[in-house]
Structures are given as C-alpha cells and as structure tokens.
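Listed below are the residues making up each chain.
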Amino acid sequence: TQVLRKSLQRGVLLSTGSFLVYEAHKLISGFAEVHASFKVEDVIEQADYLYGSGETEKLYRLLVQHKNSDDAELLWRLARSSRDLAQLSSTSAEEKKQLTYDSLEYAKKALEKNESNSAAHKWYGICLSDVGDYEGIKTKIGNAIIIKEHFQRAIELNPKDATTIHLIGIWCYSFAEMPWYQRKIAATLFATPPTSTFQEALRYFHMAEEADPNFYSKNLLFLGKTYLKLNNKKMALLWLSKAKEYPAQTEEDKQVQKEALELLNS
C-alpha cells in the first residue's frame, strides 16, 4: 500500500505520459518482487511451525515442492527435513538411503546459493557425515576434517548456535573413543591424523549447554557419557538423570531416555 501511495504521489506531481508508463512498469515489477519474497517468507514461516510441531512428513511434503528454489533458507530446511524423514523408524531402508543422499544435495545447493549461511554449513556437515555411513569407514574418516571445518564455519557465522557447538563435541568424542583399527585407517589418509580427547568433547558439550540450557536431550546424554569416560561418576549421574527426565517429543528423545536409563542401571 505504501509503495502504491508513493508511486501515485509521484505520478500526480509529474503528469507526463511517459513518466506514468514508466512508473506503472516499476509498480507492477515491484509488486511482483514483493509477492515473490512474501511467498518465500510464508513458506518458511509455515515450515518452522510444522518443524516445531514435529510434523516431519507434512514438513517434507511442503518443502520438497521447492527443491529447485534458489533460496538458501528454503534449501537448508529441505536438507534437514529430508534427513529427519530418513531417521523415522517407519521409513524403509531404501527410502532412508535415497533421502540421505538427497539431503546432502540440498545442503550443498544451499551453500552454493549463500556461502555465508550458518545453517547451510551446519547441515552440510551433518549430511556429509550421514552419507559416510553408506560409503564405508575410510570415506567417513576421510571426510572428518571437512565436516569439522563446516561446523566451525557455522559457529563463526552464528556463535550462539548450541546445536553446532554440540556437534563439534560429538566430533571430538568420536575421535577420542576411536578404536585402534580406525586410527590406522586415519593414519593412511592424513599426514597428521585428526585426534581429540574426552576433555575437549566435554568442553564443547558444556559450551553448548551454556549457549542454550536444556536445549537438546542428546547433549545431556553425552555430558553424562563423557563424564563416565573420565571416571567422574558423580557428574555422570547428574547429567544422565537429566537426560532420562527430559520430556520426550521425538523418537530420538525416547532413544536418549532409554540409553540414559540403561547407563544409570549399570
């Protein structure tokens, strides 16, 4: 309305025919651009509502219609949605594999469209790690440094993103507990193989909790597991109890509760 009012005011002030034609063209073009941008914003708003409501399948159906979009915000959400659908127990093994590879493509496209998008870096790292599950341990280890670099870039762009800080903690934990045969593979792939410690993993899990307290059941679980690795049973008991009591809203939350209970019982 404001665009229309300003354009009409300019048209009244300068009443030459050519100017009015030019202004009309600008007005129509402007409305087209505004409409297009509002459409993207509307889809994103709807997508975020469905994500918050745990409507995994509805969210995927909404976003997959926009798989050819040039908008990084839509594309990284589609990558996340594809991955979430792949994680459901009701998804067949064949569909899970296809969705896993699709999610990587969407995340890659999101990065190509906007290299400064923190979430695109995060989901590219996550999806690249998932694809490694299908391509063998050598590929998974070989991609490890690339994955960590994308997580670190995501944090540079958004230092308050607790999820990405948690993911670097998971990366550190995985390398700290890596079995000897995997270390041998890493030694053949890198001049200086990536390494980490449980102390480093613990630092990231605590940083994630400080950034956003109680944001994720799995962060609570890994705080407990890491303290167990460090033989601090008192702190392990504290965090595993928090993980067990975390309100289960997703299948992952239920798995976390189950693992936390098993560790507490043992």
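About the cut-offs
What you see as residue numbers is a count from 1 along each chain, following the sequence as written. For this predicted model, a pLDDT threshold of at least 70 governs which residues receive local features, and a threshold of 80 or more governs which side-chain atom pairs are given and counted, while totals over whole chains, interfaces and linings are taken from all residues. Excluding hydrogens and water, the side-chain figures rest on all heavy atoms present in the structure. UniProt positions are given in the numbering used here, feature names are shortened, and annotations may be inferred rather than shown by experiment. A helix here means a DSSP run of H or I that spans at least four residues, while a strand means a run of E at least two residues long, and both kinds are numbered starting from the N terminus. Throughout, exposure labels follow a simple rule: accessible area from a 1.4 Å probe, protein chains only, divided by the maximum for the residue type, with under 20% read as buried, over 50% as exposed, and the rest as partly exposed. We call two residues contacting when some pair of their heavy atoms lies within 4.5 Å. Multiplying 1.5 Å by the helix residue count minus one yields the expected span of that helix. Directions pointing from the helix axis toward each C-beta atom define the arc. Note on geometry: axes are C-alpha line fits, over the in-contact stretch for helices, and angles between N-to-C directions span 0 to 180 degrees. Comment on the angle field: the value is read as roughly parallel under 35 degrees, roughly antiparallel over 145, roughly perpendicular from 65 to 115, and oblique elsewhere. The sense of a crossing depends on the near helix, which, turned anticlockwise from the far helix by less than a right angle, makes the crossing left-handed and, turned clockwise, makes it right-handed. Only Asp, Glu, Lys and Arg are considered charged in this grouping, and only Ala, Val, Leu, Ile, Met, Phe, Trp, Tyr, Cys and Pro are considered nonpolar; every other residue, Gly among them, is considered polar. Contacts described as polar in this section are N or O atom pairs within 3.5 Å, which, within protein, must combine one atom able to donate a hydrogen with one able to accept it, while residues neighboring in sequence count only if both atoms come from side chains.

- An unreviewed UniProt entry lists the protein chain under the name Regulator of microtubule dynamics protein 1, with Leucopsar rothschildi given as the organism.
- Under Sequence similarities (unreviewed entry), UniProt gives the following word-for-word description of the protein chain: "Belongs to the RMDN family."
- Turning to the protein chain, the UniProt annotation filed under Subcellular location (unreviewed entry) states: "Cytoplasm, Cytoskeleton".

1. Quick word on the overall build of the protein chain
Here comes step 1: The helix and strand inventory of the protein chain stands at 14 helices and 0 strands.
Here comes step 2: Secondary structure of the protein chain in N-to-C order comes out as α-α-α-α-α-α-α-α-α-α-α-α-α-α.
Here comes step 3: Of all 266 residues assigned to the protein chain, the portion counted as buried reaches 40%.
Here comes step 4: Here the contacts in the protein chain between residues at least 6 apart in sequence split such that 58% fall between residues at least 24 apart.

2. A word on unusual backbone geometry
Here comes step 1: Although it is not a glycine, Asn-214 adopts a positive phi angle of roughly 60 degrees.
Here comes step 2: Structurally, Asn-214 is set in the loop between α11 (198–211) and α12 (217–229).
Here comes step 3: A positive phi angle, near 60 degrees, is found at Asn-231, a position not held by glycine.
Here comes step 4: Position of Asn-231 relative to the elements: it lies in the loop between α12 and α13 (233–245).

3. Some points on the side chain of Ser-81
Here comes step 1: Mapping Ser-81 onto the fold places it in helix α4 (residues 72–87).
Here comes step 2: Ser-81 has contacts with Thr-56, Leu-59, Tyr-60 and Leu-63, leaving out every residue within four places of it along the chain.

4. Structural notes on helix α14 (residues 251–265)
Residues lying three or four places apart along an α-helix face the same way, a consequence of the helix completing one turn every 3.6 residues.
Here comes step 1: Across its 15 residues, α14 extends 21 Å between first and last C-alpha, which sits within 8% of the 21 Å expected from 1.5 Å per residue.
Here comes step 2: Listing the buried residues of α14 in full gives Asp-253, Val-256 and Ala-260. Each buried residue of α14 lies within a common arc of 55 degrees when the element is viewed along its axis, so the set occupies one face. Among the exposed residues of α14, those pointing more than 90 degrees away from its buried face are Lys-254, Gln-255 and Asn-265.
Here comes step 3: If you follow the buried residues of α14, they end up packed against α12 and α13.

5. Points about the packing of helix α9 (residues 162–176) against α11
Relative orientation and spacing of two packed helices are given, respectively, by the angle between their axes and the distance between those axes.
Here comes step 1: Orientation of α9 relative to α11, taken along the N-to-C sense of each, is 165 degrees, at an axis distance of 8 Å. By the criterion of interaxial angle, the relationship of α9 to α11 is roughly antiparallel. In this structure, α9 crosses over α11, and the sense of that crossing is left-handed. When α9 is examined against α11, the residues Ala-162, Ile-165, His-166, Ile-168, Gly-169, Ile-170, Cys-172, Tyr-173 and Ala-176 are found in contact with a partner set consisting of Phe-198, Glu-200, Ala-201, Tyr-204, Phe-205, Met-207, Ala-208 and Ala-211.
Here comes step 2: The class makeup of the residues in the contact of α9 with α11 is 14 nonpolar, 2 polar and 1 charged.

6. Notes on the environment of Asn-214
Here comes step 1: Given the relative accessible area of 44%, Asn-214 is considered partly exposed.
Here comes step 2: Here the alpha-carbon distance between Asn-214 and Ala-243, two residues 29 residues apart in the chain, equals 9.3 Å.

7. Section: the side chain of His-121
Here comes step 1: Note on placement: His-121 falls in helix α6 (residues 118–135).
Here comes step 2: Given the relative accessible area of 3%, His-121 is considered buried.
Here comes step 3: Within the structure, His-121 has its side chain in polar contact with the side chain of His-150 (distance 3.0 Å).
Here comes step 4: Discounting residues that sit within four places of it in the chain, His-121 has contacts with Leu-111, Glu-115, His-150, Arg-153, Ala-154 and Leu-157.

8. Remarks on the environment of Leu-75
Here comes step 1: Relative to the helices and strands, Leu-75 is located in helix α4.
Here comes step 2: According to the relative accessible area criterion, Leu-75 is buried, its value standing at 0%.
Here comes step 3: With 32 residues separating them along the chain, Leu-75 and Ala-107 place their C-alpha atoms 6.4 Å apart.
Here comes step 4: Discounting chain neighbours no more than four positions away, the residues touching Leu-75 are His-66, Lys-67, Ser-69, Asp-70, Tyr-106, Lys-109, Ala-110 and Lys-113.

9. Quick notes on the environment of Asp-70
Here comes step 1: Residue placement: Asp-70 occurs in the loop between α3 (56–64) and α4.
Here comes step 2: Judged by relative accessible area, Asp-70 falls into the exposed class, the value being 56%.
Here comes step 3: Among residues more than four places away in sequence, those in contact with Asp-70 are Leu-75 and Lys-113.
Here comes step 4: In terms of polar contacts, Asp-70 uses its side chain to reach the side chain of Lys-113, at 3.2 Å.

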